[in-house]
Amino acid sequence: MNHGSDPDNSSFDHKSKKESLSIDLLSDLPTELLSQLKKTGLLSLKDIVIEGPFELSAKSGISMDDCNFIYNQAIAYLEDVGIMEKRFTPATTIYDKRKKIGRISTGSKNFDKLLGGGLETGAITEVYGEFGSGKTQLCHTASVIVQLNRNQGGLDGGALYIDTENTFRPERIETISRARRQNPSQTLDNIIVARAYSSSHQELILSESRRIIEAQNIKLLILDSAISLYRSEYLGLSALSLRQQRMNKLVHSIMRIAQTHQIAVLLANQVQSSPETGFGNTSFKAAGGNIFAHSSTYRIFLRKSNRNRIARMVDSPNHPESEIVFSIDESGITDPQKI
Ligand code: ATP
Ligand code: MG
C-alpha cells in the first residue's frame, strides 16, 4: 500500500475515503479480497484494527496470512494519520502527546488527583468495590461531566452507557445535571444507553458501538458492569476456561476501541472475597481474575467509610498506590464537605 500517493489522483472521492478511513484505502489489496472484506460489514480501517487478524479471518473467511497483511496495513494507515502511535517514536514525542491527552473529571478534585487529572482517554479505568461503594454513581456523574467543555472538566462529547445490571437511572442524571447547573434534557440527549441482557448481547452491542461512537461524538464508554453477565452465565469450574476466554476477548476489544477512537472507558466491576484477610478485615479482589488485572490501565478499589467513600489506586503504570476520600451527593461524585 502506498500511503503517500493518491491512487485516485487527488480526487474528492479519495479525500472522503481518507476522512472516513474507509477500507477502500487499502489500494494494494486485490479486488476480490476487498469485496470479501466488505461483506463482513467492517468498512473502516478502525474496525479492522479493533477486530484484530484472528477475528477478521474468522468473520471473512480470508486466510490468516492475508488478514495479518490487511491488519498491518490498517495499523500503518492509522499511524500515518496520527490515530495510533508511530512505530519507533521518541519518548519525548510520546510525553508531549500525553501532556495533551483528554481527561474527564470525576466530579471530585481528590478523585481527579488520584487519576492524574481525571478519566484518561485511550485507556481503561476500572473501578471495583462492594455494593453501594459508588461505582454506578461514578458512571452517572462521568456521563454528565464528559459533556462539559474542557475548562469545566469535560470533553464536549457524549457518553455511551452499557447497562448490564439495569441500574442506569435517567432521574439520577437529571438530578446530577441540575445540581451542576446543566440543562437536564440536553444532558439526557447526549447519553446513549444500551441495556445488555446476556453476555453475547453485550458483545453484539459493543461491536455495534463503533458506529455510535463516531456518529454521536462519544468520548466516554461505560460498562456497568463489565462482567456480571459472564459471571451469571458461566457457572462452575468446567465453564471457567471458556468464560475467561470470552472475557479476555471482550477486554481486548474494549482496549482497541479506547485507543482507535481515543475515548475514555470506565468499567465497573464486582468484587469477590479474597481468602487473604488480615486484621479482621475481609479483603476484596476484583472479579474476573487476572483478565482485567492485565487489561485495565488503571484499577481503583472503592469502599465505604462512614458517610464518605475511599478510592484506592491499586494498579497503574504511573501512579503510586495511594488513596483519597470522596463523597456522593445530589451532584453525584464530589469532595467531602469541610466541617
Ligand atoms: P452495586 O455493586 O450494588 O452496583 P454500586 O457501587 O454501583 O453498587 P452505587 O449505586 O454507585 O453503588 O451507590 C449507591 C449509593 O450511592 C447509595 O447507597 C447512596 O449512598 C448513594 N446515593 C445514591 N443516590 C444518591 C443521592 N441522590 N444523594 C446522595 N447519595 C446518593
Ligand atoms: Mg452499581
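Residues numbered from 1 in each chain as written. Chains lettered and ligands numbered in written order. Predicted model: local features only at pLDDT ≥ 70, side-chain atom pairs only at ≥ 80, totals over all residues. Heavy atoms only, no water.

Caption draft 1: Molecular detail of the nonpolar core. Counting residues in hydrophobic clusters, the biggest one holds 34 residues, and the most contacted among them are Ile-104, Phe-111, Leu-119, Leu-220, Leu-266, Ile-300 and Ala-311. In terms of residue count, helix H7 (residues 135–145) provides more of this core than any other element does, five residues in total. Core analysis: the second largest hydrophobic core is formed by 31 residues, Ile-213, Ile-254, Ala-258 and Ala-287 among them. (Core = buried A, V, L, I, M, F, W, Y, C linked by side-chain atoms within 4.5 Å. Buried < 20%, exposed > 50% of the residue type's maximum accessible area, 1.4 Å probe, protein only. Helix = DSSP H or I, 4+ residues; strand = E, 2+ residues; numbered from the N terminus.)

Caption draft 2: Up close: the packing of aromatic side chains. Evaluated as defined, the whole model comprises four aromatic pairs. On the numbers, 5.2 Å between centres and 35° between planes, the contact of Tyr-128 with Phe-301 is tilted. In this pair, Tyr-128 sits in strand E3 (residues 124–129) while Phe-301 sits in strand E10 (residues 298–305), placing the two residues 173 residues apart along the sequence. Assessed through its relative accessible area of 6%, Tyr-128 is described here as buried. Judged by centre distance (6.5 Å) and plane angle (15°), the rings of Tyr-230 and Tyr-234 are stacked. With relative accessibility at 0%, the residue Tyr-230 sits in the buried group. Take Tyr-234: its relative accessible area is 13%, and that puts it in the buried class. (Phe/Tyr/Trp six-rings, centres within 6.5 Å; stacked < 30°, edge-to-face > 60°.)

Caption draft 3: Summary view of helix H4 (residues 64–80). With 17 residues, H4 ought to run about 24 Å at 1.5 Å a step, and its terminal C-alpha atoms sit 24 Å apart, in line with that. Among the residues of H4, those classed as buried are Cys-67, Ile-70, Tyr-71, Gln-73, Ala-74, Ile-75, Ala-76, Tyr-77, Leu-78 and Glu-79. (Expected span 1.5 Å × (residues − 1).)

Caption draft 4: Examining unusual backbone geometry more closely. In this structure, Ser-225 follows Asp-224 across a cis peptide bond, with omega equal to -5°. Along the polypeptide, Ser-225 turns up in the loop between strand E6 (218–224) and helix H11 (228–233). The backbone phi angle of Asn-166 is positive, close to 55°, even though this residue is not glycine. With respect to the helices and strands, Asn-166 occurs in the loop between strand E4 (158–163) and helix H8 (170–179).

Caption draft 5: Here's a closer look at the pattern of salt bridges. Applying the stated criterion across every chain yields a total of 18 salt bridges. Of the charged contacts, one joins Asp-47 and Arg-211 as a salt bridge, the two residues approaching to 2.8 Å between their closest N and O atoms. Pair noted here: Asp-47 is in helix H3 (residues 45–60) and Arg-211 is in helix H10 (residues 199–215), with a separation of 164 residues, a long-range link. Overall, Asp-47 belongs to the buried group, its relative accessible area being 2%. Taking the relative accessible area as the measure of exposure, Arg-211 reaches 44% and is therefore partly exposed. Here the salt bridges share partners, and the residues they tie into one network are Asp-47, Glu-51, Lys-59, Arg-210 and Arg-211. (Salt bridge = Lys/Arg side-chain N within 4 Å of Asp/Glu carboxyl O.)

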